[in-house]
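Spelled out, the chains give:
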Amino acid sequence: MTRALRRRARRTHSVRLLRIGILVAIVIGLATSIFAWQQVQLEREIDLEDITRRAQAMVRQRSAQVLTALAAEDDTAQALLAGEVIGYRRLLGYAVFRPDGRRLAIGRGLLDLDAPVERVAADAVLAASEVTLLTHASGMLVHALAQPLPAHGQPQGVLVVVHDVSYLDERVAARLAQYAFWTLTVTLLAVALIVMANWIAYERPLSKLAEWMRRLRVDNAPDLPPAGLLSGNLHRESNELAASLRAARSSSLSLSAAMTHQEQVWTADRLRAHALAALADAQLVVVSNREPYMHQWRDGKPQVIVPAGGLVTALDPILQSCGGTWIAHGAGDADRAAADAHGRLTVPLAQPRYTLQRVWLSRAEEQGYYYGFANEGLWPLCHLAHERPVFRSDDWQHYQTANRRFADAVLNEIGSRPAVVVVQDYQLALVPRLLKEARPDLCVGMFWHIPWPNSDAFRICPWGAQILDGMLGADLLGFHLQQYCNNFLDTVDRILESRLDWDHCAIDRCGKRSQVRPFPISVQPWSERNVPLGSALEQRIAELRKQHQLGDCIVTVGVDRVDYTKGLPERFRAIARLLEKYPESKGRFVHIALGAPSRTHIPRYRAHMDKLEALADEINWAHRTDSWQPIHFLVAHHDPATVHAFMAMARVCIVSSLHDGMNLVAKEYVMAQHTGDGVLVLSGFAGAAGELPDALIINPYDTEQFADAMHSALTMPTDACRARMQRMRQQVEEHNIYRWAAALLAGLAEASTDVRGRLN
Ligand code: F6P
């Protein structure tokens, strides 16, 4: 606001205040004047009655002598009355008249008042009863009472008593002055009170609000609006307006090419503000099969582990930032012991930020739903890894039952409150529809963390239509890539009765619209995770080097769940080929394969693990020296600090997925490159390849090319490594997990407006 505008606003406000003051003064003045006038009139009437009573008493006192005088001749009568008509102080005197109106006697004090005295006497004769007159004469206020005096029923004459009542006017004037004084005092007090009340209740809180808004605008102040605003609504609305402003500022910052890198980066705080605006008064609920914190018995005590996988890596920081509830399968053997009777606990244990609600499944349900239908059916169906999906109707029954159990847990959690529910992944495809059937007003989103295959591949699923129908309960369906969105739309088009809106990437089915959008998932900066950094990191790296006898070797790293989609055999074979083709690399590098055991109850996964261990052993056997082996296949649940230390020390990271929705290991490696000279070798079949073209992109099936890429990575000049890594770091920093969550929540908020619109 310019200074002139500010001056004008102040002037307008003062004028408004002045007008209110004048109005109040007029109202108070009028009211007190009317009151004062009535009071004065009342008092005057009382005084007049009083003087009339006195005059009547005087008439009664004198009437006997006056009647005696009236009975005599005029001369005698005048002599008799001479001493009786004299007045004293306010009593000006008496006058006596014959019934025919002739004046017989008059007091000295009345000599100048003969006109009114004669008039009142004549009126009394005429009326044959008492008459009073109040009039101004000879500079006085005069009260005259004329009383006819009868004898034997005949009028004998009229006696007039006259008082000077000028004091009545003086009293009125004094009273009016008194009332005027009080009116003025009360009016001034009232105006002062109004000005004060205006300042306390209006001006002070609003100027505080204005100052808070200024700080919000200039400094992006993170605190709440000032207390004591005029109403709770204003407080809430200001808060939400601020949140929207921050969110809008954040998005506009990220959209603006002119912004600095730092301004493009989304943070937990920025996301929190954005979430506040996007969620409005709704509760945030995330539901997934995999839980973010799992308890397992170790040495008789429940110990917490963070399960491997992109879903947990991505969503835990979001829940930590925004709060809410995460509903997931309690799969750890110590999970029941570590939760309350309802399966709830707050996490992370060290610094609780959100609620984890565990869902319990029977062994048979877990087997059929999770290992069976989800991971032997849908997982190979969606990943083009040439693994044949297995569909069993028993598994499908369990899948439906378990999905119902998760949906019930969500409905139980939210009760009748408004909520935004984000359903995660292929294990829970039926949950969106189940939620919407029970609560059409809910805003339901679903994010699919794995690829969506083309429609021909999907069509082999015997319950494909039910899966699609379940998913289309969601208002918003998110995939990592536009290509997966396109595949999904095409699949729905081929399998379900529905109307596709390709222009808006949406599907209309049975009067309900589901939007389909790409949201490429990402990672949280390592600096926000509880891992050693700086000299502590150096120390941890030195310990690990020593522990694994790595000497001075260049480290290449791979971090994966042991899964046939991750291309581990292809990678091991490429390492063997590298050693054959470039023998000088022997002894120069080691490959650390951090493998998290996964889905080990599935025979296919056990067989895969056995095969990998045998293959690593075979290659090591073929190429090892007394002090060196090329592959260290470390199978365990590695904690984030260890993963980070290996990533930070590794000159090369290898992601060799045969097919992968996104692959967050690639992005975590980029973020762990604090010195910035690492090289990423990345499968072109991982979703991350589209965002990271500065990686050395490989086809993991092409062993020759794969081996060459590894050789290039090991021998790439440091400058070239740095330049590539710097661009990749910038990309991942600016497209981190907070930005992903903000975009998803914005999409959900938009979909939720749409939901409300359709329900109203
Ligand atoms: O990436 C797909 C996914 O199912 C994620 O949901 C999860 O993070 C990861 O694989 C791990 O799988 P699981 O939960 O079966 O161990």
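First, a word on what this report is: a plain description of the structure on this page. Note that this is a predicted model, so its numbers are computed, not measured.

1. Some points on the site of the ligand
Residues in contact with the ligand amount to 13 residues; listed here are only the nearest, Arg-290, Leu-311, Tyr-370, Asp-425 and Arg-599. In this structure, an oxygen atom belonging to the ligand sits 3.3 Å away from a main-chain N or O atom of Gly-310. Measuring from an oxygen atom of the ligand, one finds a backbone N or O atom of Leu-311 at 3.0 Å. Within the complex, 92% of the 380 Å² of free accessible area of the ligand lies under protein. For the shell around the ligand, the secondary structure elements donating two or more residues are helix H8 (310–322) and helix H10 (363–382).

2. Side note on the sheet that holds strand S12 (residues 354–359)
Spatially, 10 strands are ordered S11-S12-S10-S7-S13-S14-S15-S18-S17-S16 in an open sheet, and the strand pairing comes out mixed. Whereas interior strands pair on both sides, the edge strands pair on one side only; in this sheet they are strand S11 (344–347) and strand S16 (499–501). Taking the axes of each pair of neighbouring strands and ignoring which way they run, one obtains an average angle of 20° across the sheet. Inspection of the sheet shows S11 paired to S12 by 4 bridges, in the antiparallel sense. What sits directly across from Arg-344, in S12, is Gln-357. Most of the contacts of helix H15 (residues 482–495) go to strand S18 (residues 512–518), to which it runs at about 150°, and overall it touches strand S15 (476–479), S16, strand S17 (506–509) and S18.

3. A few points about the pattern of salt bridges
Where charged atoms from two side chains of opposite charge approach closely, those side chains can pair. Considering all chains together, one arrives at 42 salt bridges under this definition. Of the charged contacts in the structure, one is a salt bridge between Arg-459 and Asp-456, with a shortest N-O distance of 3.6 Å. When its relative accessible area of 48% is taken as the criterion, Asp-456 is described as partly exposed. Across the pair Asp-694 and Arg-727 runs a salt bridge whose closest N-O atoms are separated by 2.9 Å. Taken as a pair, Asp-694 in the loop between strand S23 (679–683) and strand S24 (696–698) and Arg-727 in helix H22 (residues 718–734) lie far apart in primary sequence, 33 residues in all. Overall, Arg-727 belongs to the partly exposed group, its relative accessible area being 47%.

4. Observations regarding the pairing of strand S6 (residues 154–164)
Consecutive side chains along a regular strand alternate between the two faces of the sheet. In terms of burial, S6 is largely enclosed, as 8 of its 11 residues are buried. When strand S2 (residues 91–97) meets S6, the two strands line up antiparallel, connected through 6 bridges. If you follow Phe-97 over to S6, its bridge partner there is Val-158. Across 10 bridges, strand S5 (residues 140–151) lies against S6 in antiparallel orientation. Residue pairing in the sheet places Ala-151 in a bridge with Gln-154 of S6. As consecutive antiparallel partners, S5 and S6 are separated by 2 residues, and within that stretch His-152 has a phi angle of approximately 50°, a positive value.

Calculation rules
- Residues numbered from 1 in each chain as written.
- Predicted model: local features only at pLDDT ≥ 70, side-chain atom pairs only at ≥ 80, totals over all residues.
- Heavy atoms only, no water.
- Near = heavy atom within 4 Å.
- Polar contact = N/O pair within 3.5 Å; in protein donor to acceptor, adjacent residues only side chain to side chain.
- Areas by Shrake-Rupley, 256 points an atom, 1.4 Å probe, with all protein chains shown as cover.
- Helix = DSSP H or I, 4+ residues; strand = E, 2+ residues; numbered from the N terminus.
- Pairing = 2+ DSSP bridges.
- Axes fitted to C-alpha atoms, helices over the stretch in contact; angles between N-to-C directions.
- Contact = heavy atoms within 4.5 Å.
- Salt bridge = Lys/Arg side-chain N within 4 Å of Asp/Glu carboxyl O.
- Buried < 20%, exposed > 50% of the residue type's maximum accessible area, 1.4 Å probe, protein only.

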